[in-house]
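Given next are the chains, with one letter for each unit.
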Amino acid sequence: MLTKRIIPCLDVKNGQTVKGINFENLRYAGNPVSLAKKYSDEGADELVFLDITATNEKRKTIVELVERVAREVFIPFTVGGGISDIEDIRQILSAGADKISFNSAAVKNPDIISDCANYFGSQCIVSAIDAKKIDNEYYVFINAGKKNTGIKLIDWAKEVEQRGAGEILLTSMDYDGTQKGFDINMNNLVSKNVQIPVIASGGAGPNTEHFVEVFNKTNVDAALAASIFHFDTLPVKKLKDELLQAGIKTRKV
């Protein structure tokens, strides 16, 4: 088995890390700078930093906070939220991020994926996709999960790959924050139909078996979680040690 990645996610609102269930009922989870340093020190393979209300509130990602976080980590670092053009990306990358993540902006203007991939390189572009099952079909949602686009998940996943995205961050809205395990069916659907890496997100609980299952039963390259790391119910180091015992190697040692 190829090495897999464990990725803590920092959902940030008003400069603070928060976490909810099914994209609702957000609660405070800690200082993003302190958490970022902690995860980097504990051996996380990468980090994702999402300014989750930037799109809805019509404001840009907090560049100053990105700079502070980037100074504390020595692992790849992805930033998303309110990024809508090449100048936004230039500012985020200059602030210290390694990759940027699109969701709403890309759905509204798909050309931005190909334009930015051509300008900065596909390795910098992560297509974040929030999806929910409706009438036995997965659909893409935008604006922090508030708007159903009517676009089928698999169609959009194939399109972002064709347009030059280097990776897909796939979040199950149905499983988000529930801690009942990853959505195996959804992650299977996407990871088996695209060639670019897929990060599974949504549903991880304080149970190493959730990660073993998603790595063994789907083709995802990485698994992302938030609550279990923020509240120390399953620390990064413990998870990675137990994954190794289960025969699953992760990238950073």
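Residues numbered from 1 in each chain as written. Predicted model: local features only at pLDDT ≥ 70, side-chain atom pairs only at ≥ 80, totals over all residues. Heavy atoms only, no water.

Peer 1: An account of the overall build of the protein chain is needed here, citing residue identities and associated values.
Peer 2: Assigned secondary structure in the protein chain consists of ten helices and twelve strands. Taken across its 253 residues, the protein chain has 56% of its residues classed as buried. Taking all contacts inside the protein chain whose residues are at least 6 apart in sequence as the whole, residues at least 24 apart take part in 67%. Here the protein chain has roughly 10,700 Å² of accessible surface; of this, 46% comes from carbon and sulfur atoms. (Helix = DSSP H or I, 4+ residues; strand = E, 2+ residues; numbered from the N terminus. Buried < 20%, exposed > 50% of the residue type's maximum accessible area, 1.4 Å probe, protein only. Contact = heavy atoms within 4.5 Å. Areas by Shrake-Rupley, 256 points an atom, 1.4 Å probe, with all protein chains shown as cover.)

Peer 1: Can you lay out the pairing of strand β1 (residues 5–13) for me, pointing to particular residues and giving the numbers?
Peer 2: Burial runs high along β1: eight of the nine residues are buried. In this structure, β1 lies alongside strand β4 (residues 47–51), joined through four bridges in parallel fashion. Bridge pairing in β4 links Val 12 to Asp 51. (Pairing = 2+ DSSP bridges.)

Peer 1: I'd like a rundown of the pairing of strand β6 (residues 99–102), residues and numbers included.
Peer 2: Along β6, one buried face is formed by Lys 99 and Ser 101 and the opposite face, lined by Ile 100 and Phe 102, is buried too. Pairing between strand β5 (residues 77–80) and β6: three bridges, direction parallel. Across the sheet, the residue bridging to Val 79 is Ile 100, located in β6. Note on the crossover from β5 through helix α3 (residues 86–94) to β6: the handedness is right-handed. (Right-handed = clockwise from strand over helix to strand, strands pointing away.)

Peer 1: So what about the side chain of Thr 250? Which residues, and what values?
Peer 2: Mapped onto the elements, Thr 250 comes out in the segment after α10 (236–245). A polar contact of 3.4 Å, which involves the side chain of Thr 250, links it to the side chain of Lys 240. Setting aside residues up to four positions removed in sequence, Thr 250 forms contacts with Thr 3, Lys 4, Ile 6, Asp 45, Lys 240 and Leu 243. (Polar contact = N/O pair within 3.5 Å; in protein donor to acceptor, adjacent residues only side chain to side chain.)

Peer 1: Talk me through the packing of aromatic side chains; I want residue IDs and the actual numbers.
Peer 2: Counted by the stated rule, this structure contains four aromatic pairs. Taking 6.1 Å as the distance between ring centres and 15 degrees as the angle between the ring planes, the aromatic pair formed by Phe 49 and Phe 77 counts as stacked. In this pair, Phe 49 sits in strand β4 while Phe 77 sits in strand β5, placing the two residues 28 residues apart along the sequence. In this structure, Phe 49 and Phe 77 share a single accessibility class: buried. Here Lys 180 stacks its cationic end above the ring of Tyr 175, 4.6 Å away from the centre of that ring. (Phe/Tyr/Trp six-rings, centres within 6.5 Å; stacked < 30°, edge-to-face > 60°. Lys NZ or Arg CZ within 6 Å of the ring centre and 35° of its normal.)

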